[in-house]
Amino acid sequence: MAVKSLLLSGLIAAASASPCPNTPRSYPTNATSNPSQKLADPNYGPKPGESRIFSTYTGVDPPFPAYLKDPVIPTKFGAPGIDDQVWQNLLSAEWIIFSFYQKAVEMFNTTAFVEAGYPNNTYERVQSIRDNEAGHLRIFQNQISATSIKPGACEYTFPFDDPISFLALTTVLEISSMAFLTGLVESAQLPASHAAMVAIAEVETRHEVWSLINIRAEDPFSGPADTVYPYANQILDTTNAYVVPGSCPSLNPEYPSPRQGLPLLSAAAGTKSLTPGSTITLAFPTGAPAFEAGKQYYAVFFHAVENISVPIDTSNPKAISVTIPAAFETKGVIVACLADEKDAPTKESVVAGPAVILEQPAALAPALI
Ligand SMILES: *[C@@H]1O[C@H](CO)[C@@H](O)[C@H](O)[C@H]1NC(C)=O
Ligand SMILES: *[C@@H]1O[C@H](CO)[C@@H](O)[C@H](O)[C@H]1NC(C)=O
Ligand SMILES: *[C@@H]1O[C@H](CO)[C@@H](O)[C@H](O)[C@H]1NC(C)=O
């Protein structure tokens, strides 16, 4: 313990002398006594893949490690691990997703789902998904090396108040997770990180497939490929809508890092259909981007491993209409952004969005705008 405290006070001095872009400049001197700090030891507590609490714990209270909500400060001084920033982004995203399911576990019970017309094992499945997400918290904490901070939980707010609106949002969150994980694989450098991210994306896919079969009675298959959107942090940024402003621990790194803070993109209120071939009017819930007069902008639609650019007229940002490419199959998701270059070749070319457009079940999509 004494050695650890010494190491930490050394860290505080060294970190403030030479700030590293990946870690905050100073840490509270009482950090070693914070219960969350026990999580710095990867062997502390139950292990995902070994303990059933990450699969079949049926309690209402948050499982390990979710009741330890504070950031875990570094226990070693040195350069950050190669993929630490990607895992920090994922851990911050996971706190949102875990909290979404935890809220549902606390709010509903078996009867609530049965009365809403869903199968009698729905609550049990939701608990299992919540448990899997707790396992992801622990896996991501352990992927971040001891030289980098492990982000803690913020406070969140989710737009559901009954089983129906909760399960609709589940579909969107799971499919968004699949899409941003695919992009994050491109951001990570180590082969072991790539494999771990694919393993997590596969589990999110199982959750999605369960909901398509059991909740929606839909065809579970999304065609030959799910959607690749290369700028994963832009999708992560849109999940900041669920974070209560100012509620994050001050030691947390910015989420996501780096953050572009692009204007949000959606379809105008009253949009009836978002299937391929539909012409829609765009809306900017947080304000329109500063379009340059005379410059050509594009709505770029990503589906499976393809993208299609559609030129748009931005002379009146309140009345931009665009047709979702009819060429795309009505399957999985389409991810759309606005860009100042055809094909959105760089993340800097994106000026608004992205918006994740649900195509399966397509009937749910307009209700979620
Ligand atoms: C579920 O919650 C409702 C309302 O809070 C309660 O009346 C009911 O007894 C609960 N059912 C079970 C199985 O716990
Ligand atoms: C749950 O539903 C299944 C299938 O409809 C049924 O066979 C089973 O008896 C039900 N279980 C309970 C506890 O109601
Ligand atoms: C969009 O597709 C084109 C090929 O049609 C490809 O060159 C380009 O890299 C793709 N854009 C992105 C951002 O993946």
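Sequence order as written defines residue numbering, which begins from 1 separately in each chain. Going through the entries in the order they are written, you letter the chains from A and number the ligands from 1. Owing to the predicted nature of the model, reporting of local features is limited to residues with pLDDT of at least 70; listing and counting of side-chain atom pairs is limited to 80 or more, with chain, interface and lining totals taken over all residues. In computing side-chain values, all of the structure's heavy atoms are included and hydrogens and water are not.

Quick look at the overall build of the protein
In DSSP terms, a helix is any run of H or I states spanning at least four residues, a strand is any run of E spanning at least two, and both are numbered starting from the N terminus. Counting its regular elements, the protein contains seven helices and seven strands. Beginning at the N terminus, the succession of helices and strands in the protein can be written as α-α-α-α-α-α-α-β-β-β-β-β-β-β. Radius of gyration (C-alpha) of the protein: 21 Å, near the 21 Å computed for a compact globule of 369 residues. By principal-axis analysis of the C-alpha atoms, the protein measures approximately 65 × 55 × 35 Å. Taken across its 369 residues, the protein has 51% of its residues classed as buried. In this description, contact between two residues means that some pair of their heavy atoms is separated by no more than 4.5 Å. Within the protein, contacts between residues separated by at least 24 positions form 76% of all contacts whose residues are at least 6 apart in sequence. In the protein, the 21 positive side-chain charges and the 34 negative ones have mean positions that sit 6 Å from each other. For the radius of gyration, the atom set is restricted to C-alpha positions; the globular benchmark scales as 2.2 Å times the number of residues to the power 0.38. For the exposure calls, accessible area comes from a 1.4 Å probe over protein chains only, and a residue counts as buried if that area is under 20% of its type's maximum, exposed if over 50%, partly exposed in between. None of His or the chain ends enter the tally, which takes Lys and Arg as positive and Asp and Glu as negative. To locate a charge, take atom NZ for lysine, CZ for arginine, CG for aspartate or CD for glutamate.

Regarding helix 2 (residues 84-107)
One less than the residue count of a helix, multiplied by 1.5 Å, gives the span that helix is expected to have. Taking 1.5 Å as the rise per residue, helix 2 with 24 residues should run 34 Å; its terminal C-alpha atoms sit 34 Å apart, in good agreement. For helix 2, the buried fraction is high: 20 of the 24 residues fall into the buried class.

Observations regarding the nonpolar core
Note on terminology: a nonpolar core comprises buried Ala, Val, Leu, Ile, Met, Phe, Trp, Tyr and Cys residues joined through side-chain atoms within 4.5 Å. Among the nonpolar cores identified, the biggest contains 99 residues, and Phe 166, Phe 180, Phe 301 and Leu 338 are the most heavily contacted of them. A per-element tally of this core places helix 2 first, with 13 residues. Sequence-distant contacts of Phe 301, that is, excluding residues within four places in its chain, are made with Glu 306, Asn 307, Ile 308, Val 310, Val 322, Thr 323, Ile 324, Pro 325, Phe 328, Ile 334, Val 335 and Ala 336. Ala 31, Ile 73, Ile 149 and Leu 251 belong to the second largest nonpolar core, which has five residues in total.

A look at the sheet that holds strand 4 (residues 306-312)
Remark on secondary structure: sheet strands pair via backbone hydrogen bonds, oriented parallel or antiparallel. Ordered in space as 4-3-6-7, the four strands form an open sheet in which the pairing is antiparallel. Sheet topology places strand 4 and strand 7 (350-358) at the edges, where each strand pairs with a single neighbour. Adjacent strand axes in the sheet meet at a mean angle of 20 degrees, parallel and antiparallel pairs treated alike. Think of it this way: DSSP has to see at least two bridges between two strands before they count as a pair. Across five bridges, strand 3 (residues 297-303) lies against strand 6 (residues 333-339) in antiparallel orientation. Bridge assignment links Phe 302 to a residue of strand 6, and that residue is Val 335. Under this scheme, a helix contributes an axis fitted over its contacting stretch, all axes are lines through C-alpha atoms, and angles between N-to-C directions fall in the 0 to 180 degree range.

Nothing here speaks to function; it is geometry throughout.
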